[in-house]
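In case you want the letters, here they are:
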Amino acid sequence: MVGLRRARSQAELIGNTDLLLIPSLSKLCGSNIYLKCEFQNPGGSIKDRAALQLVQDAMERGELKPGMTIVEGTAGNTGIGLAVVAQSLGFDLLVVMPNDQTPEKTRMIELHGGRLMTVPPVPFRDENHFYHTARRLAEENPNYWWANQFENISNMRAHYLQTGPEIWQQTDGAIDILVSVAGTGGTLAGNSKFLKEQKPELEVWMIDPDGSGVYEFLLSGEYRATGGSMTEGIGIMRLVENFRHAKIDYALNLPDQDLVSIAAYVREQDGIVLGSSSALNVAGALFAALQHEPGKTIVTFACDLGERSISKLYNPEYLRSRDLNPEPEPIDALKERY
Ligand code: PMP
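None of these values were measured; they are calculated from a predicted model. (Residues numbered from 1 in each chain as written. Predicted model: local features only at pLDDT ≥ 70, side-chain atom pairs only at ≥ 80, totals over all residues.)

K.L.:
Describe the pairing of strand β10 (residues 297-302), and please don't skip the residues or the numbers.
P.N.:
Taking burial as the measure, the six residues of β10 include five buried ones, the bulk of the element. Two elements, strand β2 (residues 32-37) and β10, share six bridges in a ladder whose sense is parallel. What sits directly across from isoleucine 33, in β10, is isoleucine 298. One ladder, built from two bridges, connects strand β7 (residues 177-181) with β10; its direction is parallel. For leucine 178, the partnering residue across the bridge sits in β10 and is valine 299. (Buried ≥ 20, exposed ≤ 12 C-beta atoms within 10 Å, placed from the backbone. Helix = DSSP H or I, 4+ residues; strand = E, 2+ residues; numbered from the N terminus. Pairing = 2+ DSSP bridges.)

K.L.:
Hey, could you go over the site of the ligand for me, with residue numbers and the actual values?
P.N.:
Near the ligand lie 20 residues; those nearest to it are Gly183, Thr187, Gly233, Ser277 and Cys303. At the level of secondary structure, the elements contributing two or more residues to the shell around the ligand comprise α3 (77-89) and α7 (186-198). Counting residues per element, the shell around the ligand draws most heavily on α7, which supplies three residues. Here the residues of the shell around the ligand are counted per class, giving seven nonpolar, 11 polar and two charged. (Near = placed C-beta within 6 Å. Nonpolar A, V, L, I, M, F, W, Y, C, P; charged D, E, K, R; others polar.)

K.L.:
Tell me about helix α5 (residues 130-140), residues and numbers included.
P.N.:
Note: α-helices contain 3.6 residues per turn, so residues at a spacing of three or four share the same orientation. Regarding α5, the residues found buried are Phe130, Tyr131, Thr133, Ala134 and Ala138. Where the residues of α5 are buried, they touch β3 (69-73), β4 (92-98), β5 (115-119) and β6 (144-146). (Contact = placed C-beta atoms within 7 Å.)

Right, here's the structure in full:
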C-alpha cells in the first residue's frame, strides 16, 4: 500500500490527488484523457491547495499571526478551502461572497466554521464588489489578514510546488497536453510553469467560459467581458497577478451548452458527476485531443464534483431558464464540430 497517509489535521490531507482516466472520451478520441481528482481534497476542491499555501506563506513571512482572522473575497471554493485550513491551524475566517452563489457552497463554509458576509453580485469597478469589500475590511482592522488569492502568488506556488510535480510523476513525464480553466489563474500558472520547465514542448490550453474577458483580451488586447456563463469561480474578468504567470499556447472559448452535453455524457458513460468548471475542462480536453493524431497523454482537472452544481448544471429547469437544452447534443455531433 503506497502513499496512504495518517494525518493529524485535515490540512495535511490537502494535495496528493489521484489521476483518473476518462474511458469513454479516451476511446472516442484515441488519446488518454486523465482527470486530476481535486475533489479528493478535504474541502472538496482544487482551491484547498491555494488556501493552504496562502496561509502557510503568510505565517512564514510573519504577516499572519496566532489570534488573527483570515479574510477573503471569494465565489465559494476558496472559502471552503480556507475554512478547512483555518480550522486546522486555529484561525478565524471571514468570507465575503456575492449573494448569487449556490447554497451548496455557502453552507459548507459555515459548517466548516467560517463566517459569511454576502454582497450584491456587482461589477468589479463597484466598491461593493466582494474583492474590494474584503480588502477594505482588512485595511480597517489590524487583526485581519487578507488572503487576496487573485494577486497573491502563493496561490500559483501551490501548483508550482505540488500539483505540477504530482502530474509529472503520475504521468512518468509522458504528459503532452495540459488543459485548464482559469478563475484566478493559479492552477493554470503554477502547473504550466512547472510542467513546461520539465518539458518545453508541452502544449497548454486555457479553456474559457461564455462571457469571460480573458479570451477576448488574448485575441484583441481589449476587455469585453460580459460574464454570461452559468459556471461559478471561473472566467477572469481582468488581468490578475496569478494569471500573468500562465504559459498558454492556445485559448479556447466554449459555450455552456457544450459543458452540459459533456457532463451528461461522462456521467452516463463513466459514472463521473463533474462540476461545471470540470465539465468545461473535459470538453476542452476532448477538443484539444481532436486537433492531434491519437496517442497523446492529456491531463485536466476535476476541480470539484457535481454535488456543488446540482441546482444549476444538473437542474433541467435552471438550464431551460437560461435557454440551454438539458438534452445533451449527441457525442458524435459534438466530436464532428470539434
Ligand atoms: N474550478 C472551480 C470550481 C473553482 O472554484 C475555481 C476557482 N475559483 C477554479 C476552477 C479556478 O481555479 P484557479 O483560481 O486556480 O484559476
